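Summary of structural features
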Amino acid sequence: MQEKEKKPETIKEYISMQDPAVQERLEAIYKTIREAIPEAEEKISWSMPTFWKNHNLIHFAAGKHHIGIYPGPDAILAFEDVFKENKYKYSKGAVQLPDNKELPLDLVRKMAKWCWDNEMKNCS
């Protein structure tokens, strides 16, 4: 019988379990969100690093060729023009930040802050 893969219990543990090639990018996103919303609790939810206040505010996760940011549908609508302008793939509740482009940390900061400021809306 195969041993189950250990699930991370903290955001730092999640990052350390990812491919070394993406760890620095994940760490940069983590620090950016942490600085933007220092009052938010940290947790792992839906197997993703999550920032929480009364409910999940914003998640992030490593993808195959991108890092996904999951701020929820209202935040996606609020930043849709930026995503289009920068040609980021996005859906109802997520945006993909491709590994072959510089991380838009200012955008990540603004999305996190938006989710905090609008936490009673439908963020993540």
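Going by the structure above, here's the rest.
Described in the following lines is the structure provided in the data block. (Residues numbered from 1 in each chain as written. Predicted model: local features only at pLDDT ≥ 70, side-chain atom pairs only at ≥ 80, totals over all residues. Heavy atoms only, no water.)

1. Regarding the environment of Ile11
In plain terms, the rule: The way it works is that DSSP assigns letters per residue, a run of H or I at least four long becomes a helix, a run of E at least two long becomes a strand, and they are numbered from the N terminus. Categorising residues by exposure relies on relative accessible area from a 1.4 Å probe, with only protein chains included: less than 20% of the type maximum marks a residue as buried, more than 50% marks it as exposed, and the intermediate range marks it as partly exposed. The contact rule is simple, with two residues in contact once any of their heavy atoms fall within 4.5 Å.
Relative to the helices and strands, Ile11 is located in helix α1 (residues 11-16). Assessed through its relative accessible area of 2%, Ile11 is described here as buried. Dropping the residues within four chain positions of it, Ile11 is found in contact with Tyr30, Glu42, Lys43, Ile44, Pro49, Thr50, Phe51 and Phe60.

2. So, the packing of helix α2 (residues 20-36) against helix α4 (residues 105-117)
Going by this rule: Note on definitions: angles span 0 to 180 degrees between N-to-C directions of axes, and those axes are lines fitted to C-alpha atoms, for helices only across the stretch in contact. Angle categories are assigned with fixed cut-offs, so that under 35 degrees is roughly parallel, over 145 is roughly antiparallel, 65 to 115 is roughly perpendicular, and the rest are oblique. Whether a crossing is left-handed or right-handed is set by the direction in which the near helix is turned from the far one by less than a right angle, anticlockwise for left-handed and clockwise for right-handed. For this classification, the nonpolar set comprises Ala, Val, Leu, Ile, Met, Phe, Trp, Tyr, Cys and Pro, the charged set comprises Asp, Glu, Lys and Arg, and every other residue, Gly included, is treated as polar.
It is the contact of α2 with α4, at a shortest axis distance of 9 Å, that shows an interaxial angle of 40°. One way to sum up the angle between α2 and α4 is to call them oblique. With respect to the hand of their crossing, α2 and α4 are arranged in right-handed fashion. On the side of α2, the interface is formed by Ala28, Ile29, Thr32, Ile33 and Ala36, while α4 contributes Leu105, Val108, Arg109, Ala112 and Lys113. Of the residues belonging to the contact of α2 with α4, the class tally is seven nonpolar, one polar and two charged.

3. What about the nonpolar core?
Where we set the bar: As used here, the term nonpolar core means buried Ala, Val, Leu, Ile, Met, Phe, Trp, Tyr and Cys residues forming a set that is joined through side-chain atoms within 4.5 Å.
Membership of the largest hydrophobic core comes to 34 residues, with the highest contact counts inside it found for Ile29, Ile33, Ile37, Phe51, Ile58, Phe60 and Ile69. Mapped onto this core, the elements with two or more residues apiece are α1, α2, β2 (48-52), β3 (56-62), β4 (66-70), α3 (73-85), β5 (95-98) and α4. Counting residues per element, this core draws most heavily on α4, at seven residues. Contacts of Ile69, omitting those with residues within four sequence positions, involve Ile29, Ile58, His59, Phe60, Gly93, Ala94, Val95, Leu97, Val108 and Met111.

4. Structural notes on the packing of α3 against α4
Packing of α3 against α4 brings their axes to within 10 Å, and their N-to-C directions diverge by 155°. What the angle tells us is that α3 and α4 run roughly antiparallel. In this structure, α3 crosses over α4, and the sense of that crossing is right-handed. Two secondary-structure elements touch here, α3 through Asp74, Ala75, Ala78, Phe79, Val82 and Phe83 and α4 through Leu107, Lys110, Met111, Trp114 and Cys115. Grouping the constituent residues of the contact of α3 with α4 by class yields nine nonpolar, no polar and two charged.

Functional significance is not addressed by these values, which are geometric in nature.
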